[in-house]
Amino acid sequence: MSLFGLLLGHRRTGLSWVRFRDSSPTEMSVEPWPSPQDQAASEDAHSSHSPPSQDQEQPDKLCLESFWSEVETIRQGCGEADLDPTRRDSRQSEEGEQEEQWLADAGLSTLISEDSEDVDKAVLLSTLTRTQAEAVQRRLDSYTLSRRKKNKQSPRDVRDIFSSPIAQTMLPESQNSKELPQNSMASVAKMPFSAVTPERQRGAPKEEFLITDIAYCEQAVIFMKQAKFSLNNVPHRKEDGTLPRVICPKCRLGVTRIQDLSHADMKKVRQLALIDMTALCDLLELEVKRHKTGRRKIAESTLIGVPLATLLEHDQKLRTNTSIPIFLQTLLSFLEKKGVDSEGILRVPGSQSRIKLLQQNLEANFYSGHFSWDEVSPNDAAALLKKFIRELPDPLLTAEYLNTFSAVRDITELRQKLHMLNLLVLLLPEPNRNTLKALLEFLSKVVNREKKNRMNLWAVATIMAPNLFLHKAVPSRLTEGTEKGQAEKAADVMRLLIRYQDLLWTVPNFLISQVRRLNENSNRRYQFYDRRIKNLLRKIQPDSREKPEKNSEPRRTIRIQVEDLVNSTMEFQLNINSRTSDLLAQFYRQFLRSPENGKGKMRRNGSVGYPDCALYEVGGNIGEHCLDTETHLLDLYNSNPGGEWIIKTKPNGGRGQ
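A quick note: this is a predicted structure, and the numbers were derived from the prediction, not measured.

Peer 1: Report on the overall build of the chain, specifying residues and quantitative values.
Peer 2: Helix and strand content of the chain: 27 helices and 14 strands. Buried positions account for 54% of the 657 residues belonging to the chain. Considering only contacts in the chain between residues 6 or more positions apart, those separated by 24 or more positions represent 81%. Looking at the chain as shown, the accessible area adds up to about 30600 Å², and 47% of this sits on carbon and sulfur atoms.

Peer 1: Provide a residue-level description of helix H5 (residues 97–105), including the pertinent values.
Peer 2: Three or more residues of H5 are buried, namely Gln-98, Glu-99, Trp-102 and Leu-103. Projection of H5 onto a plane perpendicular to its axis shows the buried side chains occupying an angular sector of 135°, all on one side. Backbone geometry just after H5 places Gly-107 at a positive phi near 75°.

Peer 1: I'd like a description of unusual backbone geometry, backed by residues and values.
Peer 2: For Glu-285, which is not a glycine, the phi torsion comes out positive at approximately 60°. With respect to the element layout, Glu-285 can be found in the loop between helix H12 (263–284) and strand E6 (291–293). With a phi angle near 60°, Arg-454 is a residue other than glycine that sits in the positive phi range. Within the fold, Arg-454 resides in the loop between helix H20 (450–453) and helix H21 (457–469). In this structure Arg-454 comes out as exposed when scored by relative accessible area, which is 55%.

Peer 1: Give a description of the pairing of strand E12 (residues 613–619) that names residues and reports values.
Peer 2: When you tally the buried positions in E12, you get 5 out of 7 residues, the bulk of the element. With 6 bridges joining them, E12 and strand E14 (residues 644–649) adopt antiparallel strand pairing. Across the sheet, residue Glu-617 finds its bridge partner in E14, namely Trp-645. Direction of pairing for E12 relative to strand E13 (residues 622–626): antiparallel, over a ladder of 4 bridges. Paired with Gly-619 across the two strands is Ile-622, which belongs to E13.

Peer 1: An account of H12 is requested, with residue identities and associated values reported.
Peer 2: Taking 1.5 Å of rise per residue, 22 residues should cover 32 Å, and H12 covers 31 Å from first to last C-alpha, within 8% of that figure. Two residues or fewer after H12 comes Glu-285, characterised by a positive phi angle close to 60°.

Peer 1: Give me the sheet that holds E14: which residues, what numbers.
Peer 2: Pairing within the open sheet is mixed, and its 5 strands lie in the order E9-E8-E14-E12-E13. Edge positions in the sheet fall to strand E9 (568–573) and E13, since each of these pairs with one other strand and no more. Along the sheet, successive strands turn relative to each other by an average axial angle of 30°, direction set aside. Running at roughly 130° to E9, helix H26 (residues 580–592) makes contact with strand E8 (555–561), E9, E12 and E14 of the sheet.

Peer 1: Could you give an account of the packing of aromatic side chains, naming the residues involved and the relevant values?
Peer 2: Using the criterion set out here, one finds 8 aromatic pairs in the structure. Pairing Phe-327 with Phe-366 gives two aromatic rings, centres 5.6 Å apart and planes at 90°, and the pair type is edge-to-face. In this pair, Phe-327 is assigned in helix H14 (residues 326–338) and Phe-366 in the loop between helix H15 (352–365) and helix H16 (378–390), connecting sequence segments 39 residues apart. This pair shows no difference in class: Phe-327 is buried, exactly as Phe-366 is.

Peer 1: So what's going on with the pattern of salt bridges? Residues and values would help.
Peer 2: Following the criterion strictly, the structure yields 17 salt bridges and no others. Here Arg-516 ties to Glu-617 by a salt bridge, and the two come within 2.8 Å at their closest N and O atoms. Of this pair, Arg-516 sits in helix H24 (residues 509–523) while Glu-617 sits in strand E12; the two residues are 101 residues apart in sequence, bridging distant segments of the chain. Here Arg-559 ties to Glu-644 by a salt bridge, and the two come within 2.5 Å at their closest N and O atoms. Taken together, the residues span a long stretch of sequence, with Arg-559 in strand E8 and Glu-644 in strand E14 at a distance of 85 residues. One continuous salt-bridge network, built from bridges that share partners, spans Arg-138, Arg-139 and Asp-282.

Peer 1: Quick rundown of the nonpolar core? Include the residues and the values.
Peer 2: Of all hydrophobic cores here, the largest spans 130 residues; its most connected members are Leu-108, Leu-346, Leu-443 and Met-494. Counting residues domain by domain, this core receives three or more from each of domain 1 (90–149 + 206–224 + 244–285 + 507–537) and domain 2 (308–503). In this structure, Leu-443 is in contact with Leu-346, Val-460, Met-464, Met-494 and Ile-498, ignoring residues within four places of it in sequence. By size, the runner-up hydrophobic cluster in this structure holds 24 residues, among which are Ile-558, Val-562, Leu-574 and Phe-591.

Peer 1: An account of the confidence of the model for the chain is needed here, citing residue identities and associated values.
Peer 2: When pLDDT is averaged along the chain, the result is 77; 65% of the residues meet or exceed 70. Below a pLDDT of 50 lies the segment residues 653–657, which in the model reaches 22 contacts outside its immediate sequence neighbourhood of four places, other chains included.

Peer 1: With reference to specific residues and values, describe the environment of Ser-406.
Peer 2: If you trace the backbone, Ser-406 turns up in helix H17 (residues 402–407). Placed 59 residues apart in sequence, Ser-406 and Ala-465 show a C-alpha to C-alpha distance of 9.7 Å.

Peer 1: An account of the packing of H14 against H16 is needed here, citing residue identities and associated values.
Peer 2: Each packed pair of helices is defined by two parameters, the angle between the axes and the distance between the axes. Running from N to C, H14 and H16 point in directions that differ by 145°, and their axes come no closer than 10 Å. Along this stretch, H14 crosses H16, giving a crossing that reads as left-handed. Along the contact surface, H14 presents Phe-327, Leu-328, Leu-331, Leu-332, Phe-334, Leu-335 and Lys-338, while H16 presents Pro-378, Ala-381, Ala-382, Leu-384, Leu-385 and Phe-388. In terms of residue class, the contact of H14 with H16 is made up of 12 nonpolar, no polar and 1 charged.

Quick notes on the rules
- Residues numbered from 1 in each chain as written.
- Predicted model: local features only at pLDDT ≥ 70, side-chain atom pairs only at ≥ 80, totals over all residues.
- Heavy atoms only, no water.
- Helix = DSSP H or I, 4+ residues; strand = E, 2+ residues; numbered from the N terminus.
- Buried < 20%, exposed > 50% of the residue type's maximum accessible area, 1.4 Å probe, protein only.
- Contact = heavy atoms within 4.5 Å.
- Areas by Shrake-Rupley, 256 points an atom, 1.4 Å probe, with all protein chains shown as cover.
- Arc of directions from axis to C-beta.
- Pairing = 2+ DSSP bridges.
- Expected span 1.5 Å × (residues − 1).
- Axes fitted to C-alpha atoms, helices over the stretch in contact; angles between N-to-C directions.
- Phe/Tyr/Trp six-rings, centres within 6.5 Å; stacked < 30°, edge-to-face > 60°.
- Salt bridge = Lys/Arg side-chain N within 4 Å of Asp/Glu carboxyl O.
- Core = buried A, V, L, I, M, F, W, Y, C linked by side-chain atoms within 4.5 Å.
- Domains from an automatic or database assignment.
- pLDDT = per-residue confidence, 0-100.
- Left-handed = near helix turned anticlockwise from the far one by under 90°.
- Nonpolar A, V, L, I, M, F, W, Y, C, P; charged D, E, K, R; others polar.

Laid out in structure tokens, this is it:
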């Protein structure tokens, strides 16, 4: 039996949805995920079958010239020696070290620890799908082999973990493993996977379905099987380069954005995302080596060349809730007001002498408040923005994942590119992720003003790609090979980041399900130490936890923590159509806008303002979760009956949250 075979023999995870009690989180209403252009035009959310906006199919000659001009600028700025792959400040980890670090980052370091108990090792593993588990096994096998070469004692075989009585209590008593592939395929067949059929392969699709209920690596397994079958019957036609409208079927539990989860749950999301991304890389045969940045001399500066963490540590003393450097916020705000309509913004170079003087002036006077932007040229400011990004001591995309971001260009299918980028965004440290989002939001605004600034999506992408993907701390293949092909591929990844940024900053439903299950397993880890004791306790004392009856419409008591309503509560009747927006509407009527309890604040213009509130799910199988307004509350109640619902004021985070 292979590693985790026993686990998989007791559970149908593979491609089926993880269900919690009587919930039905996978009933979905198909809605489009709009592009920035769609949002700017305020299109109807249900117009999913309208034609997508037409992108320029390929970068033109001017775009390609701009790309290599940016590369040359970077070379001149840091020196040829710094861009020489043989002379880097980073290094690849030694044999075995990468696997050990990977296991630690994935939350699986207990697998190679002699001191940890089986229950500790089984908790996270019990949430994995078959393909995810196989990826973990490959890293363990590689680690074990390196230990043997170094004549060190090998870690315990992980297959032994699942044979222990303690670990068995973590495994749901479910179907036989032989049912997994067949039933999983049946589940997927019901979903809109028509994008892989021969009809869709004959040309570029106008719409692309992005399913998030199923682990991305498991989707890749199915896609590869279907693609192999299709290629044997119908010749594949290369896509023309236009980007389709992406339709993301919505789960009844709503959309979860990165900022909606607690830090503790996001840590688990990152661990699971790393496992799924690694499994996806294995399937797509992407050889990605993680690098560690060595010690580098930090520039004696207050703004340019300063680590993000250092800038934020300083800025958060001035503005508690800021999430990106104050200097970057100010620079982007200036460019949005003065630069987005400037023809050739980002492409037209500023004056080198003025840029140098501008940087010196900012370094000396920015934080004192004595700096004036009135005489600053938008082109000089845009050049300074690019310099800020590329001269960060560590890449904005991090030394660990920069090459993986670059490798996305070698993936053929758009859906799998988006899968990989979604997981990579989740893996970024919070300061990097917030800074990247702020940058992409600005670039999207530049593209939306194309009629005035003559900068379309390809133009912006080709100019910004070298600044993001070339860094003197990490070896890069960006400038190798056929020039036109390398430029197009790098710009294509940048183009996807700009176009689909809102989608990429969400947490896939399958990861939320795995986090819920991980929390459930952690909560009951010490309840049962032997299966026989567990079964005996079930007979003696039935489970007393509250279980909703079918077709029941329970009432929930919602706690309110809004300004001076901290100790208030509210009753809400649930039914099959109840949504978060309905509950919040009742709250506003009952507590904020009623004649007796009105809590609005008078604005200067005479209107009344009310606090911006949200409903949070706290406890049970989740840490803290800010709920989407479209969440179906009865489904949520069935998924997590032990959770508490609290209405709170939304945090006033900085830009890029």
